[in-house]
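Inside the fold
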Amino acid sequence: MESKREAARRPHIRLHVEGALAARDRVGVQDFVLLDAHTSESAFLDNLRKRFREDLIYTYIGTLLVSVNPYQELGIYTLSQMELYQGVNFFELPPHVYAIADNAYRMMCSERTNHLILISGESGAGKTEASKKILQYFAMTCPMTDSLEIARDRLLLSNPVLEAFGNAKTLRNDNSSRFGKYMDIQFDFKGIPIGGHIIGYLIEKSRVVYQNHGERNFHIFYQLLEGGEEELLACLGLERDPQLYRYLAQAHVASESSMNDRNDWETVSNAFAVIDFTEGDLENLFGIIASILHLGNVCFRENRQGCATIPVIKEIKWIAKLLGVQPAALLEALTHRKIEAQTEEVICPLTLENSVYARDAMAKAVYGRTFTWLVNKINASLVNKDFTKKTVIGLLDIYGFEVFDKNGFEQFCINYCNEKLQQLLIERTLKAEQAEYEMEGIEWEPIQYFNNKIICDLVEERHKGIISILDEECIRPGPASDLSFLEKLEEKVGKHAHFQTRKLAGPTGRKRIGWMEFRLFHYAGEVTYCTKGFLEKNNDLLYRHLKEVLCRCRNAILKECFLAAELENRRRSPTVGTQFKTSLSSLLEILISKEPSYIRCIKPNERKEPSRFDDLLIRHQIKYLGLMEHLRVRRAGFAYRRKYEHFLQRYKSLCPDTWPHWRGPPAEGVERLIKYIGYKPEEYKLGRTKIFIRFPRTLFATEDAFEFSKHQLVARIQATYKACLERRVYVRKRQAAIKLETNWRGVLARKEAERRKWAVLIIRRFIKGFIHRDKPLGPDNEEFVVFVRKNYILNLRYHVPRTVLDKRWLRPPGILQHASDLLRKMCVRNLVRKYCRGITAERKALMQQKAVASAVFRGKKEGYAESLNKPFANSRIDEGDINPKVLQLLGSEKIQYGIPVIKYDRKGFKARQRQLLLTQSAAYVVELARVKQKIEYAALRGVTTSNLSDGFLILHVSPGASKHKGDAILQCEHVIEAVTKLVMLVKKENLVHVVQGSLQFYISPGREGTIVFDTGPEEQIYKDKNGQLTVPRRGLFQVSVRRKS
Ligand SMILES: Nc1ncnc2c1ncn2[C@@H]1O[C@H](COP(=O)(O)OP(=O)(O)OP(=O)(O)O)[C@@H](O)[C@H]1O
Ligand SMILES: [Mg+2]
């Protein structure tokens, strides 16, 4: 089950596939693979023509680029075009040489592999231009650092220098490369171009001394003469007119408007400055160029002995000066030859013909070796001293297939080279491709193609090939000539299907082949070679005499080119043909080791004209370039294949099942992956070890999706990395925190230890003080005592009694007993004072009453203690309860206290309810509206109560008092209160008597009665047999009143 997120990714992947499909050119098809009639050469040509008319010179066959030379500036190589193609997928934009370059560059960067862009096509088809555009593209679009800018400039400027020395105007091309060039551009791991290396192949030296009619020598001669400053030319002994020099004038070429030698001279001069050429180097180099021109003008004349002489030695002098040789030695070397005869050397004069040969050989050798020196010099300036691993993109711009009216040894070599490259192409594309399908078990219909190996073998096979036969002829003792070589060819390879001579040809073909010629049926067509000069050019002989002179010259460049060691080496150096064969096979090794991209250049017409599309010429090129075969293989085949492991490794991030690891077999992983990204069945095939993808667009869509997913991966990697960094920081912080905590805890622990130590000391001192506490103050106890005092006082704060009745007090230590007592007293006094101050007048009066009650009853009467807590009332009778008549009777006397009482008759002890009213001066016993008894205080003799809790009070009246009725026997509930009030009103000391057991009273004056207070079983007041009132106390006592007669 795929998750929601995965489902959301799918449409994105699909979208990219659709986007690539939409990229299509309107005019013709931009990829021949899309041609309906892909097997028809006419349809192919039509498409090419349609596009060419619209100035669309580029068309793909899959990833191969077909380019038609427009012979005009099209404005398609601007900086904005470069930017457009930068980093864009191959098929998203119209075909362009930049797309090929960018594709190779991106593949190199992403896969860290070496690449090669192989540019082929015939002379004038635009190979060199294409290679220059590619180089410019890299220079402008690759990342760059300031320090490497110089490397970039050198790479760019090596071109004009090499072109000046190695290119020339031919009939087919005004700027024809007369040497093969393979250039490695080295990139570091960031994709920055950091250096390069150039390998030059077989420069056409013969051009120095001879050019076909209408052709020119190498550009540099004309540039020097046209552009060189007057002083420079004067120093070199040159005149500005090329016609003055035989090597330049013989081909009778009109000065061409297409060549701008003066401007080119400027460019080359500037380039020299960038590529590390010193003043000395340039002086020597131009010296050599000038000396070749002078050499061409050396004339020979035959003397009477038939030997060559030089009548005018002006040129010789200049050459001697410029090359730093002895004029006489040079003169001799040009007209004489040294022959080694056993032990001695014999010098014999040369014939005129030989002298001319010697002169031209010298010119060719000097120029050829100088060119090699130049390539080495440029390489030295391009070399990068950084030895880290580099990846390279190789650019091969080699002379194209050539057919002239007269074809010589050079054309033979050049065409052989093209044959080899075609072989490589066949090996790498057609043959290898088909073999691979077979090996991988992919269904495949074999494509028929012409394998040119047979021609290559004809030329290069050991002992049997044309080059070997030529070499044999060169070293063979006896008279060997170009003709004998031709005969040898007829003899040895005459039966070969691709070889023909006049003798071997049938009657029809015979007419077209000369006696000195042989014909090869190249893959690109038939070419007839004239054997004239083959042996000489293959030998490339420079007379030893001349070599010696050159080895001894003072010109620093030539010194490097002609080493003295060469003279000592008696072995014959390999022939030019063999050298070329060897260098070609090492070139092929270089090419095979790299991932190739192909550019096939087509020349639209022979006239170098824009907009002219020569069907015949182009059809021919289509054929020999093998474009139709290539298209057929492409159409039937697969644009891309990759080992399962590699494919999975690259794209596994596109499918959640394969990301981040696929544990099963890679083939299954790939199957799962492509199913997930939605490949259609016709888009791919699965081989034994590889996946084959039919259309490039499928791959590019996948690549786009990968690019997109890369961002996500990068984000994830970044996140992980950032998390890693953060974690590292966090761990460091944590460790720091732990260390801080540890140290801080250490600090705290030390502080605590200090504190405890201090505490121990204190405690020890405290104990000591405690032990000595009772001793006189001294060092041992002083502190302790102070502490105890302080502590006690401070503690006491919280334990001070808050009320007068609170008797608690903090127990003092022994030494503070006295102080504590004093403090306690003070405290109590203070509390009392506070208490007293807080008492109201009313309460004070009450207290006073209590005090009086205390004085009277304390310790004497039962029930007193209980009465203490009960406050005395002002009166027990409300004024309303007193009969108004009584109040009236009292008149102005104010009732101070009133209480209901039971009055017992003095005689019969009958109990009656009465009210006892106390005024300021008398006590009244009142019954309702009548005052039953008024006892003036003055007449009050005393008041008696019992010690028991019986409520009796007897008011004793003085016998003499008026209206005396005898003592009043009263009982009331609040006897203590009533008595106290009375005492306070009477203000008489000792008024109250608290008696025990019984008391006496006056029934009437002179007649006494007794009241007995006793205990009894029940509360009952009665008159006993003795006529006494007995008042038994409830449950315990009884009171009896006895009348005393
Ligand atoms: N893309 C192009 N745009 C404009 N002109 C071009 C282009 N390609 C080639 N030419 C023209 O064609 C001429 C020949 O091209 P170039 O020198 O590249 O041919 P070549 O294939 O290198 O030939 P040779 O094999 O002789 O070296 C150039 O000088 C230039 O004028
Ligand atoms: Mg070229």
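Residues numbered from 1 in each chain as written. Chains lettered and ligands numbered in written order. Predicted model: local features only at pLDDT ≥ 70, side-chain atom pairs only at ≥ 80, totals over all residues. Heavy atoms only, no water.

In a beta sheet, neighbouring strands pair by backbone hydrogen bonds and run either parallel or antiparallel. Reading across the sheet, the three strands line up as β13-β14-β15 and stay open at both edges, with antiparallel pairing between neighbours. Edge strands, defined here as strands with exactly one partner in the open sheet, are β13 (499–501) and β15 (525–530). Averaged over all pairs of adjacent strands, the angle between their axes in this sheet comes to 25 degrees, without regard to strand direction. Two elements, β13 and strand β14 (residues 517–522), share three bridges in a ladder whose sense is antiparallel. When the sheet's bridge partners are listed, Thr501 is paired in β14 with Phe518. (Pairing = 2+ DSSP bridges. Helix = DSSP H or I, 4+ residues; strand = E, 2+ residues; numbered from the N terminus. Axes fitted to C-alpha atoms, helices over the stretch in contact; angles between N-to-C directions.)

So, about the pattern of salt bridges. Pairing between side chains of opposite charge can happen when the charged atoms of each approach one another. Throughout the structure, instances matching the rule amount to 57 salt bridges. The residue Arg672 makes a salt bridge to Asp657 at a minimum N-O spacing of 3.3 Å. Here Arg672 is found in helix α29 (residues 666–677), whereas its partner Asp657 is found in the loop between α28 (644–651) and α29, with 15 residues between them in sequence. With a relative accessible area of 39%, Arg672 lands in the partly exposed category. (Salt bridge = Lys/Arg side-chain N within 4 Å of Asp/Glu carboxyl O. Buried < 20%, exposed > 50% of the residue type's maximum accessible area, 1.4 Å probe, protein only.)

So, on to the site of ligand 1. In the region of ligand 1, 18 residues are neighbours, and Ser123, Gly124, Lys127, Thr128 and Ser176 sit closest. A distance of 2.6 Å separates an oxygen atom of ligand 1 from a polar atom in the side chain of Ser123. Here Glu129 contributes a backbone N or O atom positioned 2.9 Å from an oxygen atom of ligand 1. If ligand 1 stood free it would expose 620 Å²; the protein chains cover 88% of that surface. Every element with two or more residues in the shell around ligand 1 is listed here: α5 (127–141) and β5 (176–177). Looking at the shell around ligand 1 element by element, the count peaks at three residues for α5. Classifying every residue of the shell around ligand 1 by side-chain character gives four nonpolar, 11 polar and three charged. (Near = heavy atom within 4 Å. Polar contact = N/O pair within 3.5 Å; in protein donor to acceptor, adjacent residues only side chain to side chain. Areas by Shrake-Rupley, 256 points an atom, 1.4 Å probe, with all protein chains shown as cover. Nonpolar A, V, L, I, M, F, W, Y, C, P; charged D, E, K, R; others polar.)

It is worth spelling out the coordination of the magnesium ion (ligand 2) at this point. Note on the magnesium ion (ligand 2): its protein donors are Thr128 (OG1) and Ser177 (OG). The metal-donor distances range over 1.9 to 2.1 Å. With a gap of 49 residues between them, Thr128 in helix α5 and Ser177 in strand β5 connect regions that are remote in the sequence. Among the residues examined, Thr128 registers a relative accessible area of 12% and is labelled buried. Take Ser177: its relative accessible area is 10%, and that puts it in the buried class. (Donors = N, O, S within 2.8 Å, 3.2 Å for Na, K, Ca; no water.)

Now for the packing of aromatic side chains. Under the counting rule described, the total for this entry stands at 35 aromatic pairs. Note on Tyr105 and Phe138: the rings are 6.0 Å apart at their centroids and 40 degrees apart in plane angle, and the pair reads as tilted. With Tyr105 in helix α4 (residues 97–111) and Phe138 in helix α5, the pair connects residues that are 33 residues apart, well separated along the chain. The exposure class of Phe138 is buried, given its relative accessible area of 2%. (Phe/Tyr/Trp six-rings, centres within 6.5 Å; stacked < 30°, edge-to-face > 60°.)

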